[in-house]
Amino acid sequence: MRSGGDGKVPASAACLLGLLAASNEAFAGEVIAHGGAALLVQRLQSGDTVLQTTAVGALGTLTCWSVGATAALEAGAVPPMVNVLRSRDVSSGIGWASVSRAVRALHNLLTSSPAAAAAAIEAAGGRAALQRHAHSRKEVVQQSAAAVLRMLAEHASPPAAPPPPLTTPVCAAEGCAATAHLRRWGGCGRVRYCSVGCSQAHWYAHRGDCKRWRAEAMAAASSEAPAPGSSGARQP
């Protein structure tokens, strides 16, 4: 897998790693010890659909073990898994396989490392991606995505309270009390700055809240939107 190849060889190697990991926890530990988790995450980010599908399947098997779930989280597996959920459609066979395996892997992560996995999924925008598939025409995917969403709701950290409303808005940058010429920050729309300099100076303190607030807004908009193609009746 490290050497790349013509696509078929890395896909076969990813499949073999998954089979080894499925055998027992000792084999899963060997896969991890030789950098298998990181390699699978790397292959998951490739442009090859077959390789992506095989890699996410192997990660789903590896994460059945707590040691595998920890290794996958440390290797940064969640963002590319969420990307699979965003970019794949279940109308094709390989799309269905990719999505169902990614949902399974996220379920395993939440089972083994609830707090860390929930935080990583929320940060990657996984809630909105899962909500999309909770309305899938494929019943298995629909049920699996709904189950992961329930687990996410149980283990996700409570959202930070929004800043209290200000009678007189002031610049959000630390040490600045300007009240004139304020412009609302375009990212989350929840804070105001008096200048570009203040927005840049405050970015490192604000970016965590900004990312979370934007994800919450996207999730809320997604949950309010009707399922694609629905008109009250379930799709065939």
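Residues numbered from 1 in each chain as written. Predicted model: local features only at pLDDT ≥ 70, side-chain atom pairs only at ≥ 80, totals over all residues. Heavy atoms only, no water.

**Topic: the side chain of serine 98**
And step 1. With respect to the secondary-structure elements, serine 98 resides in helix α7 (residues 93-112).
And step 2. For serine 98, a relative accessible area of 1% corresponds to the buried category.
And step 3. With residues up to four places along the chain from it excluded, the contact list for serine 98 reads Thr53, Val56, Val84 and Arg88. (Helix = DSSP H or I, 4+ residues; strand = E, 2+ residues; numbered from the N terminus. Buried < 20%, exposed > 50% of the residue type's maximum accessible area, 1.4 Å probe, protein only. Contact = heavy atoms within 4.5 Å.)

**Considerations on the pattern of salt bridges**
And step 1. Under the criterion given, the structure shown has two salt bridges.
And step 2. The shortest N-O distance in the salt bridge between arginine 127 and glutamate 122 comes to 2.4 Å.
And step 3. A relative accessible area of 21% places arginine 127 in the partly exposed class.
And step 4. Judged by relative accessible area, which is 23%, glutamate 122 ranks as partly exposed. (Salt bridge = Lys/Arg side-chain N within 4 Å of Asp/Glu carboxyl O.)

**Observations regarding the nonpolar core**
And step 1. Within the largest apolar cluster, 39 residues are counted, with the highest numbers of intra-cluster contacts made by Leu59, Met81, Leu85, Leu106, Leu109, Leu110 and Leu130.
And step 2. Those elements giving two or more residues to this core turn out to be α3 (36-44), α4 (49-62), α5 (66-74), α6 (78-87), α7, α8 (114-123), α9 (126-133) and α10 (139-155).
And step 3. Counting residues per element, this core draws most heavily on α7, which supplies seven residues.
And step 4. For leucine 59, the residues in contact, after removing those within four places along its chain, are Ala37, Leu40, Val41, Leu44, Ala72 and Met81.
And step 5. Grouped together as the second largest cluster of nonpolar side chains are five residues, Ala173, Val191, Tyr193 and Cys198 included. (Core = buried A, V, L, I, M, F, W, Y, C linked by side-chain atoms within 4.5 Å.)

**Quick look at the confidence of the model for the protein**
And step 1. Mean pLDDT for the protein: 79, with 75% of residues reaching 70 or above.
And step 2. Confidence over residues 1-9 falls short of pLDDT 50; this stretch has 16 contacts with residues more than four positions distant or in other chains.
And step 3. The low-confidence segment residues 231-236, where pLDDT is below 50, has seven contacts with residues more than four positions distant or belonging to other chains. (pLDDT = per-residue confidence, 0-100.)

**A closer look at α5**
And step 1. For α5, the full list of buried residues reads Gly68, Ala69, Ala71 and Ala72. Buried residues of α5, viewed axially, fall in a sector of 165°; they line one side.
And step 2. One or two steps after α5, the chain reaches glycine 76, where phi turns positive at roughly 80°. (Arc of directions from axis to C-beta.)

**Overview of α8**
The periodicity of an α-helix, 3.6 residues per turn, causes residues three or four positions apart to be oriented the same way.
And step 1. Of all the residues in α8, the buried ones are Ala117, Ala118 and Ile121. Buried residues in α8, looked at end-on, bunch into an arc of 100°, giving them a common side.
And step 2. Residue glycine 125 follows α8 closely and has a positive phi angle near 80°.

**What to know about the state of the cysteines**
And step 1. Enumeration over the complete set of coordinates arrives at zero disulfides.
And step 2. Cysteine cysteine 176 shares no disulfide, and the gap to the nearest cysteine sulfur, in cysteine 194, comes to 3.7 Å.
And step 3. Between cysteine 210, a cysteine without a disulfide, and cysteine 188, which holds the nearest cysteine sulfur, the sulfur-to-sulfur distance is 4.1 Å.
And step 4. Taking relative accessible area as the criterion, cysteine 210 reaches 0% and is therefore assigned buried. (Disulfide = S-S within 2.5 Å.)

**Comments concerning the packing of aromatic side chains**
And step 1. In this structure the tally under the stated criterion is two aromatic pairs.
And step 2. Each ring, one from tryptophan 185 and one from tyrosine 193, has its centre 5.9 Å from the other, and the planes form 85°; the classification is edge-to-face.
And step 3. Using a relative accessible area of 26% as the deciding quantity, one classes tryptophan 185 as partly exposed.
And step 4. Aromatic side chains tryptophan 185 and tryptophan 203 sit 5.9 Å apart centroid to centroid with 45° between the ring planes, which places their arrangement in the tilted category. Of the two residues, tryptophan 185 sits in the loop between β1 (183-184) and β2 (192-193) while tryptophan 203 sits in helix α11 (residues 196-224), which places them 18 residues apart along the sequence.
And step 5. Clustering of aromatic rings is evident, with ring pairs tying together Trp185, Tyr193 and Trp203. (Phe/Tyr/Trp six-rings, centres within 6.5 Å; stacked < 30°, edge-to-face > 60°.)

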